[in-house]
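Inside the fold
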Amino acid sequence: MELDKTSLQELRECCRDEAAFQRLCEVLSQNYDINPSQPSSNNHHPDTAVELTPSNHPNTSTQESAAQHYRAMLDAVPDLIFRINATGRYLDFKGNGLTHVLREHIVGKTLPDLLPPDVADLCHEAIRTALQTGELQTCEYELLEATGRRHYEARVAVSGVDEVLWIVRDVTERKRVEEDLRASQERLKSFFDATFEAVAIHNYEDILDVNPAAERLFGYTYDEIVGMPVLSLAAEKTKWAIANRWQSLNDRDQPYEYEGVGIRRDGSTFTGIVSAKAIQYQGKPARVVSIRDITAQKAAEATILQNEARNRALLEAIPDLMFRIHRDGTYLDCKADEKSTLLLPINALLGKSVYDVLPQDVAEQRMMHVHRALATQQPQNFEYQLRRSVIRPNPLLDHLYQKASSHADSLEQDSDLRDYEARIVVSGPDEVIAIVRDITERKRSDAVIRLSEEKFSKTFRSSPTPMTIATLMDGCLMEVNDGFCRTFGYQPDELLGRSVHDLGLWVYPQQRVEMVQILQEQGAVRDMEYQFRHRDGSIRTTLFAAEIIHIGDDACLIDVLTDITDRKLAEQQLLAAAERDRLIGEIALRIRRSLQLDDILNTTVAEIRQFLKADRVCIGHGTHDDVGIIVAESVVSPWKPSKGRIVDDPEHLQELEDAFAQGHAWNISDTRKITGYPKIAADFERYQVRAALGMPIYLDDELFGLLVVHQCSAPRQWHISEVELLKQLAIQVSIAIQQARLYGQVRDLNTELEQKVRDRTAQLQQKMEELQELNELKDEFLNAFSHDLRTPVMGMSLVINNLLNQPGETIPISRMILERMLQSNQHQLQLIKSFLEAHSAETRGVTLNPELVQVGALVQVIAADLEPLMLKNEATLTNQVPTDLPLVTADPVQLRRVFENLMTNALNHNPRGITITIEARVENGWLRCIIRDDGIGMSQETCDRLFQRYARGAQSRHSTGIGLGLYLCRQIITAHGGQINVASQPNQGAEFWFTLPLAISPNGIAKTRPEFKVG
């Protein structure tokens, strides 16, 4: 049998200790030969593989010796050992230390007999695997025993055919240690993550690990903060101190603690306490630090110190006497300012008993409250009096006190008797604090206040001015005086205990809410004008004044009301009179300033209706046709309007004349009671009139019309002042009518004169326009002449310059050049004639001399004449006009001008080096000619105005032109009966085209050649 390293190690683990393992090795060496050349030894290195061969000892003693050795081996193993066959039956058992388990209780039983079903299945599966693979198998399981749940580890080794050795070890303690270690690690991790203090691990240079609290404290995420330099988390003023702290350590493992300032990610700082300790982190030395933010603590400490100073100052500022008194009455301490008067100096007072210092009755009273406070642990208050020979009187209060005492027999008049108030508070198990205050002044003030209250009560009740005291918020009346009851008609028992809201005293309850708000903000209200309701329902206007007072814990108000109802009525009457005068004055002023009768009448009826608060006011008058008409009206909804109504009933008109025959106002307070005027009564019913007031309007001592006021909602008693007002306004209306008549006469005369002036002005304007047109025609003629004459002259100048540039005194000139120059001169003469015709065309139209023209031949001649101009501008002219085009009926001179103007226009409005292409083709019985260039093009806006008079391109390189060329082109083409236009876009060149009628129509009929004239 060969034992390798693993087998030896497994045997070693099965032994109780090292001595048992050595004993096992000795037994093996005695019963087995060690091969191949390994010397016999009791000690074998576990890394050495050895082969053990059983010794051949045929005798029986040797076999017995081997059996003893096997038993020694079994005894050396501390574990339970079972022999189990493949079916799970126990064949043998050895239990070291288990004296309570007998062998016969095990052998012969099966796994399910002794083990729970799940454990038996687990063991059976391990046995089956070991027998199949021949390899050592291990498994773990738990058993519930009398001592609790136990953990076991089993090793299964094949020991024969269909049987195994089942070696079981109790690993409960090991499991418990492992579980405790795991729980400890989890607790440490939970503490690390859950602690409120920030925790970080560093190696004096970089951050190695942090907990969530550190992330929150510094404002970084975990990934951001790990790897950061340690000192980058410290404020600049703290970095130097931290570095010095590290350098001062005697040992790198020495723990330390310091206070520093940290810096967060957002730049804010905080004060913290840093505690550090050396640890091993991932096998390397490191420091674990806890950082506790004490910023709030520092602020709280500063606040505490401030509060202590403030409390100390408050204590020093309290003017009261303070005594520490023992349970037995001994003075332990005393606090008194320099102004306080003690019966004894402080040095003499301490250590004495209250019975030695105070009168007997006062001492007993004080000690009774001391014992009561110590017994109940509750503060005790009491008052007492002392007679002192030295007092500090207040002359003013003493005077008032003596005055009050003369009206109250119960008040003490002895000024040497002082009143004190004492408050006993428990300050320890057997001692109290006695706070003593001199309340003599307060007592005297209370007497003065009682006297004042008595005077106030008499004044409140006897005052004729209405006064009340009520709760502030709900207005419950607590006191009312006789003046209030008389003013508002109530008895006191009808008011007391009731709310002003229930009584309906305030006409506008919201005003009381606003008044209370003002009171709460300002503390008082003065001279506010409010309306209150009398018991009989009438309204009284008052001036209201109030202040907030406190009765007990309730906020109340005391108010004083001054009845100004009669004064307000008088003021209203004065205002009404002033308003009437104002209305009459404004209408009179409007009549003097305005001559528009309709505006005056409409404004008058509107202001009268508004002033009288009537439903309808209208003005009507008679006409020359003996009918009446309503010319002005102001009416409110929903009453029916009557403006424009015509009254043509003679009986109705007669009743109106009769009613106002005497020239007086017609005052009707109730239209239902009118008699003797059936037509007027029917009219009132039709327009729902319940009361009416009418006033006649006289003009030249004759009745002209009526000014009428209607009340439609109810009958109305008209006041004398209203009748007088209407009379005055009727006079003003008559004045306005007279003034309007005079204005009408003046207006008619003025209109006739203005018409004559307009006629003469129109004649002068016409003459001015004719002169302006003549001047414009003259300017156009001169501009056209200079524009069109320049082109041939430039051509001749170029030819002459080319000849002069040749060397020699004699310059040979070919006949062709002379012919060309002669032709150009003739052409100039022709142009002059054409320009004169163009000038004539503006006044009398364009005159053409049509003839049959071959456009192809004409274009060739024009191209040859413009060749020098093309060379000067480095331009290329491409002539694509066919020579076999049909004839057209046109004026060749004018047609030449069109071609030349379009081509020179292309040269003038484009940079050098452009290409000009001339094309022509027949389209729908017309010859279409096209001049195209590849220049800079133009916008659509420029294209639209290009053929207008004086229109110029924005890119023209010559400043002498005035934009007449293209205008003349349009005039010429239009005279021929054709059309001309341009198509272009910026940076895409331009294409000019025009059409000419063919001499012979497509159906073969020759066209006549009339004299064309276009005006």
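If you're wondering where the values come from, they're calculated on a predicted model, not measured in any experiment. (Residues numbered from 1 in each chain as written. Predicted model: local features only at pLDDT ≥ 70, side-chain atom pairs only at ≥ 80, totals over all residues. Heavy atoms only, no water.)

1. Description of the packing of aromatic side chains
Counted by the stated rule, this structure contains 20 aromatic pairs. Through a chain of ring-to-ring contacts, three or more aromatic side chains come together here, namely F484, F488, W506, Y530, F532 and F544. Over the ring of Y687 we find K640, and its NZ or CZ is 5.3 Å from the ring centre. The ring centre of W993 lies 4.1 Å from the NZ or CZ of R928, which sits over that ring. (Phe/Tyr/Trp six-rings, centres within 6.5 Å; stacked < 30°, edge-to-face > 60°. Lys NZ or Arg CZ within 6 Å of the ring centre and 35° of its normal.)

2. Here's the deal with the nonpolar core
If you look at the biggest cluster of nonpolar residues, it comprises 42 residues, and the most contacted ones within it are L895, F899, M903, F992 and F994. Sort the elements by how many residues they give to this core and helix α28 (residues 892–908) lands first, with seven residues. Not counting chain neighbours up to four residues away, the residues in contact with F992 comprise L902, N905, C929, I930, I931, M938, L946, F947, L966, N981 and V982. Among the nonpolar cores identified, the runner-up in size contains 26 residues, and L583, I619, L707 and L729 belong to it. (Core = buried A, V, L, I, M, F, W, Y, C linked by side-chain atoms within 4.5 Å. Buried < 20%, exposed > 50% of the residue type's maximum accessible area, 1.4 Å probe, protein only. Helix = DSSP H or I, 4+ residues; strand = E, 2+ residues; numbered from the N terminus. Contact = heavy atoms within 4.5 Å.)

3. Examining helix α5 (residues 117–133)
Residues spaced three or four apart along an α-helix face the same direction, because each turn holds 3.6 residues. Relative to the 24 Å expected for 17 residues at 1.5 Å per residue, α5 spans 24 Å between its end C-alpha atoms, a close match to the ideal helical length. The complete set of buried residues in α5 reads V119, A120, C123, A126, I127 and A130. An end-on view of α5 places all buried positions within 125° of arc, on one side of the element. Residues P117, D118, D121 and Q132 are exposed on α5 and point more than 90 degrees away from its buried face. Turning to α5, the residues buried within the fold contact β4 (80–85), α4 (111–114), β6 (137–145), β7 (148–160) and β8 (163–170). Following α5 by one or two positions, G134 has its phi on the positive side, about 75°. (Expected span 1.5 Å × (residues − 1). Arc of directions from axis to C-beta.)

4. Here we look at the confidence of the model for the chain
For the chain, per-residue confidence averages 81 on the pLDDT scale, and residues scoring 70 or more make up 81% of the total. Segment residues 389–413: pLDDT under 50, and 31 contacts once partners within four positions in sequence are set aside and those in other chains are kept. In this model, residues 1009–1015 is a region of pLDDT below 50 whose contacts with residues beyond four sequence positions or in other chains number 23 contacts. (pLDDT = per-residue confidence, 0-100.)

5. Looking at a negative patch on the surface
Negative charge collects at one region of the surface, where D625, D626, E657 and D658 lie side by side. Relative to the assigned elements, D626 resides in the loop between β24 (616–622) and β25 (628–635). (Patch = residues over 30% accessible without salt bridge, like charges linked within 9 Å, V, L, I, M, F, W, Y side chains within 5 Å. Areas by Shrake-Rupley, 256 points an atom, 1.4 Å probe, with all protein chains shown as cover. Salt bridge = Lys/Arg side-chain N within 4 Å of Asp/Glu carboxyl O. Lys, Arg positive; Asp, Glu negative; His and termini not counted. Charge placed at Lys NZ, Arg CZ, Asp CG, Glu CD.)

6. Section: the pattern of salt bridges
The final tally for this structure, using the stated rule, is 40 salt bridges. For the salt bridge of R616 with E633, the shortest nitrogen-to-oxygen distance reads 3.3 Å. Of this pair, R616 sits in strand β24 while E633 is found in strand β25, placing the two residues 17 residues apart along the sequence. With a shortest N-O distance of 2.8 Å, E919 and R932 are connected by a salt bridge. Separated by 13 residues along the polypeptide, E919 in strand β34 (residues 915–923) and R932 in strand β35 (residues 926–933) bring together distant segments of the chain. Residue class for E919 comes out buried when judged on its relative accessible area of 17%. Using a relative accessible area of 28% as the deciding quantity, one classes R932 as partly exposed. One connected set of salt bridges, linked through shared partners, spans E919, R921, E923, R928, R932 and E991.

7. Section: the environment of H621
Topologically, H621 is positioned in strand β24. Those residues in contact with H621 that lie beyond four places of it in its chain are V627, G628, I629, V631, F704 and G705.

8. With respect to the sheet that holds strand β15 (residues 331–335)
Spatial ordering of the open sheet is given by β15-β14-β18-β17-β16, a layout of five strands whose pairing is antiparallel. Edge strands, defined here as strands with exactly one partner in the open sheet, are β15 and β16 (380–387). Strand after strand, the sheet turns through a mean of 25° between neighbouring axes, direction not considered. In terms of strand pairing, strand β14 (residues 321–326) meets β15 through four bridges, oriented antiparallel. Bridged to R324 within β15 is D333. (Pairing = 2+ DSSP bridges. Axes fitted to C-alpha atoms, helices over the stretch in contact; angles between N-to-C directions.)

9. As for the pairing of strand β13 (residues 284–293)
As defined by bridge partners, strand β9 (residues 198–202) adjoins β13 across five bridges and the pair is classed as antiparallel. Opposite V199, over in β13, you have S290 as the bridge partner. Sheet topology places strand β12 (residues 269–281) next to β13; ten bridges connect them, and they run antiparallel. Across the sheet, the residue bridging to I273 is R292, located in β13. Hairpin geometry of β12 and β13 is characterised by an intervening segment of two residues between the two adjacent antiparallel strands and by a positive phi of about 55° at Q282.

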